[in-house]
Amino acid sequence: MERELGWWRKYVFSTDHKVIGIQYAISGFVFLFFGFCLMMMMRWQLAYPGKPLPIIGKMFGSSMPGGVMTPDFYNSLGAMHGTIMVFLGIIPIAFAGFGNYIVPLQIGAPDMAFPKVNMFSYWAFVLGAVTLLASFFLPMGAAASGWSSYTPLADIEQLGHGHSILTGQSFWLIGMIFLATSSVLGSINFITTIVQVRARGMTWMRLPFFVWTQFVAAFLLLLAFPPMEAGTIMQLLDRVAGTSFYLPSGLVINGQKMVVAGGGSPLLWQHLFWFLIHPEVYVLVLPAMGIVAEIVANNTRKPLWSYRGMVFSVFGIGFLSFIVWAHHMYLTGMGSAVSSFFQTTTILISIPSVIILSSLLLSLRRGSIRFPVPMLFATAFMPMFGIGGLTGIPLALAPADLYLHDTYYLIAHFHYLVAPGTIFALFAATYYWFPKATGRMMNEFWGKVHFWPTLILMNVIFLPMFLQGMLGMHRRWYDGGQGWSLAGEKVWGVSGFGWNVPISTAAWLMGLAQIPFIINFFWSIKHGRKVTSDNPWQATTLEWATPTPPPHGNFAQPITVYRGPYDYSVRGAKQDFCPQTEVVVVPA
């Protein structure tokens with residue numbers, strides 16, 4: 001007789017993929033909100049530079065004397081905002097959270113291939129998160145060299161004030177090593193599980209599109225993170241062991257020549273960092289596309305348009321994402337031949353992205369569309385992602401990028417991909433799979449109260465940033481550009497600097513707009529309307545064939561797959577959906 005697991009083994013140090021998925025998702029949403037709070041503090045400084053931050057400003061001591069934000073503290077907030085939102089927020093939710101919970105269910109597996117490795121992956125993530133957040137309490141504060149940690153600044157930042165390890169910049173590097181280890185272990189687990197543990201009859205072209213996106217995203221992490229992890233260790237050694245992997249000879253600091261062996265290359269770090277981060281962008285985006293595809297197919301009651309084309313496009317994105325990284329480095333003075341190569345590949349990667357987005361839009365055509373809250377977020381993802389993609393084309397071209405690089409145009413472009421883009425998909429997934437995880441529905445009314453202000457305010461925040469960027473406002477100016485030569489230029493009747501106030505106001509309002517979601521989420525766990533079926537959305541994929549919530553081992557009995565993932569509105573069927581476990585009847 002199997003011994004009942006204790007509370008710690010069942011809910012904390014669990015090897016059940018569903019518990020681990022929930023741990024990742026809850027942790028990610030907490031960090032996402034924390035990173036958003038850092039941004040709201042930055043927006044006060046941009047809107048009202050030099051003025052004390054009300055209520056909480058004086059709580060930060062020397063970082064905000066008299067409640068006024070210092071330039072160093074603003075830089076720390078910027079570095080940690082970017083790091084937390086990407087590495088502690090979106091990736092843990094999109095790839096590890098929903099991936100862990102949903103992928104084994106969708107392929108008919110009882111668990112991940114390596115359950116203990118899965119648990120270790122989560123706790124390596126926790127160690128990385130704790131290390132990063134602990135840096136706020138160090139004497140010199142958190143990392144202050146930007147979320148990209150560019151050398152040689154990052155090699156020497158905060159040194160000379162106590163032990164080099166006990167600095168925010170060093171803690172940033174140690175935290176990233178833990179996070180990289182977590183991602184590599186997780187990606188190996190996903191690849192092995194999808195290849196080896198599929199249910200009988202689950203052929204490759206019967207995989208749900210969400211599984212395909214997770215599969216390719218896992219390969220991106222597996223191939224891109226190790227070089228950056230090695231580079232991170234090298235940067236840490238530069239700081240604490242006197243090496244000079246990134247420190248050139250003859251470096252002058254504060255008017256004095258730095259005593260260092262030299263011979264290092266600052267650009268080496270940029271290559272290693274961006275070789276990770278551009279595939280990492282698609283680790284954010286691909287699971288979001290997979291989520292949206294699941295919800296669109298379910299709520300249009302018809303198969304995805306060009307499912308195979310979408311699958312091949314995901315592989316195209318995966319391949320091309322490894323040969324576009326240097327479009328972040330046009331300002332380093334690369335030759336025209338190298339620049340032309342990266343311009344070409346960057347334009348090419350837009351093609352498979354457009355194919356997937358077009359397929360999602362065409363899937364809406366002639367569909368019997370219903371609009372529950374998950375579908376609202378899924379359909380909003382499409383134009384938001386489209387804006388993010390289209391505005392990236394000028395950044396792919398070196399002549400335009402030389403002007404727009406590191407301006408608020410870049411901020412707007414990237415955030416349209418990951419804020420109203422990917423995060424909308426994460427909200428959609430939460431509302432969609434919540435009943436499977438809890439047996440209860442989230443409230444539809446409060447879901448719409450969450451959706452509409454969030455959609456409107458997202459655009460009020462980021463759309464004006466394109467205009468600020470085209471006027472030349474730099475992304476790292478801590479005073480919001482008040483001394484900027486084009487600050488008086490007016491667009492839509494508002495000066496470039498003047499846009500900071502409405503943008504910041506919209507950001508604070510959007511923080512309030514998340515309160516209905518938070519209350520709805522936790523209230524619905526205990527008090528939401530109970531589902532009357534294991535398949536409340538009348539979906540076709542395998543996660544809806546399990547009991548609700550799924551028990552240990554997931555399925556009550558071994559299952560066999562007979563169909564593709566999206567057999568909706570099949571001619572001659574008794575209902576408008578045919579689950580993958582339903583036998584295909586061939587007409588006599």
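Residue positions are given per chain, counted from 1 along the sequence in the order it is written. Two thresholds apply to this predicted model, a pLDDT of at least 70 for residue-level local features and 80 or more for giving and counting side-chain atom pairs, whereas whole-chain, interface and lining totals are computed over all residues. Here the side-chain values reflect all heavy atoms present in the structure, with hydrogen atoms and water set aside.

(A) Spatial organisation of the overall build of the protein chain. Helix numbering and strand numbering both begin at the N terminus, where a helix is a DSSP run of H or I of at least 4 residues and a strand a DSSP run of E of at least 2. Helix and strand content of the protein chain: 18 helices and six strands. We take the radius of gyration over the C-alpha atoms and set the globule estimate at 2.2 Å times the residue count to the 0.38 power. For the protein chain, the C-alpha radius of gyration of 24 Å lies close to 25 Å, the compact-globule estimate for 588 residues. In terms of principal-axis extent, the alpha carbons of the protein chain reach across some 85 × 60 × 55 Å. Relative to its full complement of 588 residues, the protein chain shows a buried share of 58%. Two residues form a contact once any of their heavy atoms are found within 4.5 Å. Across the protein chain, contacts joining residues at least 24 apart in sequence account for 78% of those joining residues at least 6 apart. Buried, partly exposed and exposed residues are distinguished by accessible area as a fraction of the type maximum, computed with a 1.4 Å probe on protein chains only: under 20%, between the cut-offs, and over 50%, respectively.

(B) View of helix H7 (residues 209-240). Any helix carries an expected span of 1.5 Å times its number of residues minus one. For H7, with 32 residues, the first-to-last C-alpha span of 46 Å sits near the 46 Å given by 1.5 Å per residue. Among the 32 residues that make up H7, 23 are buried, leaving the element largely enclosed by the rest of the structure. The first or second residue beyond H7 is glycine 242, which carries a positive phi of 75°.

(C) View of unusual backbone geometry. In this model, threonine 151 is joined to proline 152 through a cis peptide bond whose omega is 5°. The residue proline 152 is located in the loop between helix H4 (115-134) and helix H5 (153-156) in this model. Across the junction of threonine 548 and proline 549, the peptide omega takes the value -15°, indicating a cis bond. Within the secondary structure, proline 549 sits in the segment after strand E6 (529-530). Even without being a glycine, serine 306 presents a positive backbone phi close to 60°. Along the polypeptide, serine 306 turns up in the loop between helix H8 (266-300) and helix H9 (307-320). With a relative accessible area of 32%, serine 306 lands in the partly exposed category.

(D) Fine view of the side chain of threonine 430. Tracing the chain through its elements places threonine 430 in helix H15 (residues 408-438). Among the residues examined, threonine 430 registers a relative accessible area of 5% and is labelled buried.

(E) Representation of the packing of aromatic side chains. In this analysis, rings of Phe, Tyr and Trp, with Trp reduced to its six-membered ring, are considered paired at centre separations within 6.5 Å, and the interplanar angle assigns stacked below 30 degrees, edge-to-face beyond 60, and tilted for intermediate values. Here the structure, examined in full by the defined rule, presents 51 aromatic pairs. Look at tryptophan 325 and phenylalanine 342: their rings are 5.1 Å apart centre to centre, the planes differ by 70°, and that puts the pair in the edge-to-face class. Taken as a pair, tryptophan 325 in the loop between H9 and helix H10 (336-348) and phenylalanine 342 in helix H10 lie far apart in primary sequence, 17 residues in all. Here tryptophan 325 and phenylalanine 342 have matching classes, each one buried. One aromatic cluster is present, formed by Phe29, Phe377, Phe424, Phe427, Tyr431, Phe434, Phe451, Trp452, Phe517, Phe521 and Phe522 through successive ring pairs. A cation over an aromatic ring shows up here: arginine 198 above the ring of tryptophan 204, its NZ or CZ 4.2 Å from the ring centre. We call a charge positioned over a ring when the NZ of a Lys or the CZ of an Arg lies within 6 Å of the ring centre and within 35 degrees of the ring normal.

(F) A look at the nonpolar core. In plain words, nonpolar cores are sets of buried Ala, Val, Leu, Ile, Met, Phe, Trp, Tyr and Cys residues tied together by side-chain atoms within 4.5 Å. Counting residues in each nonpolar core, the largest one holds 180 residues, and the members touching the most others are Phe87, Phe95 and Phe209. Take this core: its biggest share by element is 21 residues, from helix H3 (residues 71-107). Non-local contacts of phenylalanine 209, meaning those with residues more than four positions away in its chain, are made with Met289, Gly290, Ala293, Glu294, Leu304, Tyr307, Met310, Val311, Val314, Ile356 and Tyr566.

(G) Just H3, in detail. With 37 residues, H3 should reach 54 Å at 1.5 Å per residue; the first-to-last C-alpha distance of 50 Å fits that figure. With respect to burial, H3 is a largely interior element, 33 of its 37 residues being buried. Immediately beyond the C-terminal end of H3, within one or two residues, lies glycine 108, with a positive phi of roughly 80°.

(H) Expanded view of the pattern of salt bridges. For this analysis, a salt bridge means a side-chain nitrogen from Lys or Arg found within 4 Å of a carboxyl oxygen belonging to Asp or Glu. Within this structure, the stated rule accounts for six salt bridges. A salt bridge links aspartate 16 to lysine 18, with the nearest nitrogen and oxygen atoms 3.0 Å apart. On the basis of relative accessible area, aspartate 16 is assigned to the buried category, the value being 11%. Residue classification places lysine 18 among the buried positions, given a relative accessible area of 6%. Put simply, glutamate 582 and arginine 563 hold a salt bridge, and the shortest N to O gap is 3.4 Å. Here glutamate 582, found in the segment after E6, pairs with arginine 563, found in the segment after E6; they are 19 residues apart in sequence, far enough to count as distant. We classify arginine 563 as buried; its relative accessible area is 9%.

(I) Looking closely at the side chain of arginine 563. Any N or O atom pair separated by 3.5 Å or less is treated as a polar contact, with the protein-specific requirement of one donor-capable and one acceptor-capable atom, and with residues adjacent in sequence counted only for side-chain atom pairs. Engagement of the side chain of arginine 563 in a polar contact is seen with the side chain of aspartate 567, the distance being 3.0 Å. Of note is the side chain of arginine 563, whose polar atom sits 3.5 Å from the backbone oxygen of valine 583. Residues contacting arginine 563, with those up to four places away along its chain left out, are Arg206, Cys578, Pro579, Gln580, Glu582, Val583 and Val584.

(J) View of the packing of H10 against helix H11 (residues 350-363). Look at H10 against H11: their axes get within 4 Å of each other, and the N-to-C directions meet at 10°. Looking at the two axes, H10 sits roughly parallel to H11. Contacts between H10 and H11 involve Thr346, Ile347 and Leu348 from the former and Ser350, Ile351 and Pro352 from the latter. Here the term charged refers only to Asp, Glu, Lys and Arg, the term nonpolar to Ala, Val, Leu, Ile, Met, Phe, Trp, Tyr, Cys and Pro, and the term polar to all other amino acids, Gly among them. Here the residues of the contact of H10 with H11 are counted per class, giving four nonpolar, two polar and no charged. Angles shown run from 0 to 180 degrees and are taken between the N-to-C directions of axes, each axis being a line fitted to C-alpha atoms and, for helices, limited to the stretch in contact. For classification purposes, an angle smaller than 35 degrees is called roughly parallel, one larger than 145 roughly antiparallel, one from 65 to 115 roughly perpendicular, and anything else oblique.

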